[in-house]
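Observations on the model geometry
Below are the chains, spelled out letter by letter.
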Amino acid sequence: MSFIKVGVLRGGPSLEHEISLKTGKSVLLNLPEKYSGSDVFINKEGDWHFDRRPSDPERVFRSIDVIFNALHGRYGEDGKVQQLLEHFAIPYTGSGVMASALGMNKLLAREEFKKAGLKVPKAVVVNAENGSLKEAERVFKTISPPWVVKPISGGSSVGVFLVKSLPALISALEMAFNSGQEIFVEEYIAGKEATCGVIDNFRGEKHYALPVVEIIPPPGSGFFNYDAKYSGETKEICPANFSLSIKKEIENMARKAHSALGCRHYSRTDFIVSPKGVYTLELNTLPGLTEESLVPKALRAVGASYKEFLDHLIKMALKK
């Protein structure tokens, strides 16, 4: 029997390196039997390794049939590694160059969401050149507290701060500017957090929406931050306890967000359900696939196995 050789790309130079290692490990352990999986590891310095030996992209690509992209964050999720894969004509899972770049840039993604008719929180872009005090005062005059301070690029809620006072906002901006010259500050929408995955060409639907997951962060965390995501203390209710109409609305919004950015294969979009309506926060073009991750939990809720999901993604990648 000849196996399809799958290179599972994981690690990378981003702040989400450790999460990517876990996603990649889960993929390697759950590949269906018809696939032969190889570990394609990129260290934090950007050096490539193939099955634990130093290598380079060209040698890796000569040894595999398809790449399963298990990277998260900078380089792996922003369109850069996608450009490399397309240069070598290597099939790969996940969104292409443009959708990846849009999904990683929260400001550009917001604009596409608005064009698609999706509601997003108010936001102000701030620049380190103007100084934390001046920019905090500008935010204070534009948006009422509390505020959410976010990097323009990144995922897993790395570098995100929820602040309620002007002094706290100044401090948060100073810390946030360590990771980038430009960041943005969003109005805080009080409500219940939710997320919804979308899979292409699944179960007879062009864009199949997985069940909505309701996220209840641990007391005191304020929101679904990095620690809450991976500590195991957050409650994740799937299917969510929202009304049927709200769940349908979120599913439709997840499909719209997926299409608005031109995503392919799969994505997961985060929302806030508030008395003022449902707000779209951001879209993940390569959502986590660890044991604690949300997409595998939603798959189990509809009776779909992890192996079935991986098989589906690889088949779509090979069909391109």
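Quick summary incoming for the structure in this document. As the structure is a computational prediction, the values presented were derived from the model and not from experiment. (Residues numbered from 1 in each chain as written. Predicted model: local features only at pLDDT ≥ 70, side-chain atom pairs only at ≥ 80, totals over all residues. Heavy atoms only, no water.)

1. As for the overall build of the protein
What the protein contains, in helices and strands, is 11 helices and 15 strands. The C-alpha radius of gyration of the protein comes to 20 Å, within 12% of the 20 Å expected for a compact globule of 320 residues. When the backbone C-alpha atoms are referred to their principal axes, the protein occupies close to 65 × 45 × 35 Å. In the protein, which comprises 320 residues, the proportion classed as buried is 55%. Of the contacts formed within the protein by residues at least 6 apart in sequence, a portion of 66% connects residues at least 24 apart. Counting every atom, the protein has about 14400 Å² of accessible surface; 51% of that belongs to carbon and sulfur. Between the centroid of the 41 positive side chains of the protein and the centroid of its 37 negative side chains there is a distance of 4 Å. (Helix = DSSP H or I, 4+ residues; strand = E, 2+ residues; numbered from the N terminus. Rg over C-alpha atoms; globule rule 2.2 N^0.38 Å. Buried < 20%, exposed > 50% of the residue type's maximum accessible area, 1.4 Å probe, protein only. Contact = heavy atoms within 4.5 Å. Areas by Shrake-Rupley, 256 points an atom, 1.4 Å probe, with all protein chains shown as cover. Lys, Arg positive; Asp, Glu negative; His and termini not counted. Charge placed at Lys NZ, Arg CZ, Asp CG, Glu CD.)

2. Observations regarding the sheet that holds strand E4 (residues 53–54)
Strand order across the open sheet formed by five strands is E4-E3-E2-E1-E5, with mixed pairing between neighbours. Of all the strands in the sheet, just E4 and strand E5 (66–69) have a single pairing partner and so form its edges. Direction of pairing for strand E2 (residues 35–42) relative to strand E3 (residues 48–50): antiparallel, over a ladder of three bridges. From the neighbouring strand, Val40 faces E3, where its bridge partner is Phe50. Here helix H1 (residues 17–30) sits on the sheet in contact with strand E1 (4–11), E2 and E5, set at roughly 160° to E1. Together, E1, E3 and E5 form the strand contacts of helix H3 (residues 80–87), whose direction differs from that of E5 by roughly 175°. (Pairing = 2+ DSSP bridges. Axes fitted to C-alpha atoms, helices over the stretch in contact; angles between N-to-C directions.)

3. Description of the packing of helix H6 (residues 132–142) against helix H7 (residues 166–176)
Two elements in contact, H6 and H7, have axes whose closest approach is 9 Å; the angle formed by their N-to-C orientations is 125°. If you check the angle between H6 and H7, you find them oblique. Note on packing geometry: the crossing formed by H6 with H7 is right-handed. Contact with H6, carried on its side by Ser132, Leu133, Glu135, Ala136, Glu137, Val139 and Phe140, involves Leu166, Leu169, Ile170, Leu173 and Glu174 of H7 and no other residues of that element. (Parallel < 35°, antiparallel > 145°, perpendicular 65-115°, else oblique. Left-handed = near helix turned anticlockwise from the far one by under 90°.)

4. Let's talk about the nonpolar core
Counting residues in each nonpolar core, the largest one holds 29 residues, and the members touching the most others are Val6, Val27, Leu31, Phe68, Leu289 and Phe309. Broken down by secondary-structure element, the contributors of at least two residues to this core are E1, E5, strand E10 (192–202), strand E12 (213–216), helix H10 (294–301) and helix H11 (306–319). With residues near it in sequence (within four places) discarded, Leu31 still touches Val6, Val8, Gly37, Lys307, Leu310 and Ile314. In this structure, Leu118, Ile250, Cys263 and Val273 belong to the second largest nonpolar core, which totals 23 residues. (Core = buried A, V, L, I, M, F, W, Y, C linked by side-chain atoms within 4.5 Å.)

5. Here's the deal with the pattern of salt bridges
Using the criterion set out here, one finds 16 salt bridges in the structure. Where Arg110 meets Glu186, a salt bridge forms, and the shortest distance between an N and an O atom there is 3.4 Å. Of this pair, Arg110 sits in helix H5 (residues 106–115) while Glu186 sits in strand E9 (residues 182–187), and the two are 76 residues apart along the sequence. Here the two residues Arg110 and Glu186 agree in accessibility, since each one is buried. With its nearest N and O atoms 2.3 Å apart, the salt bridge here joins Glu236 to Lys297. Of this pair, Glu236 sits in strand E13 (residues 235–237) while Lys297 sits in helix H10, and the two are 61 residues apart along the sequence. The network of salt bridges with common partners includes Arg110, Lys150, Glu186 and Glu282. (Salt bridge = Lys/Arg side-chain N within 4 Å of Asp/Glu carboxyl O.)

6. Regarding the packing of aromatic side chains
Within the structure shown, the criterion is met by five aromatic pairs. Where Tyr266 meets Phe309, the ring centres are 5.6 Å apart and the plane angle is 85°; that geometry is what we call edge-to-face. Taken together, the residues span a long stretch of sequence, with Tyr266 in strand E14 (residues 266–274) and Phe309 in helix H11 at a distance of 43 residues. Phe309 carries the same exposure label as Tyr266, and that label is buried. Here the aromatic cluster, defined as three or more aromatic residues joined through ring pairs, consists of Trp48, Phe61 and Phe88. (Phe/Tyr/Trp six-rings, centres within 6.5 Å; stacked < 30°, edge-to-face > 60°.)

7. Some thoughts on the side chain of Ser267
Its place among the elements puts Ser267 in strand E14. Of the residues examined, Ser267 reaches a relative accessible area of 1% and is grouped as buried. Engagement of the side chain of Ser267 in a polar contact is seen with the side chain of His258, the distance being 2.7 Å. Filtering out sequence-adjacent residues up to four positions away, Ser267 remains in contact with Cys196, Gly197, Val198, His258, Leu283, Asn284 and Pro287. (Polar contact = N/O pair within 3.5 Å; in protein donor to acceptor, adjacent residues only side chain to side chain.)

Functional significance is not addressed by these values, which are geometric in nature.
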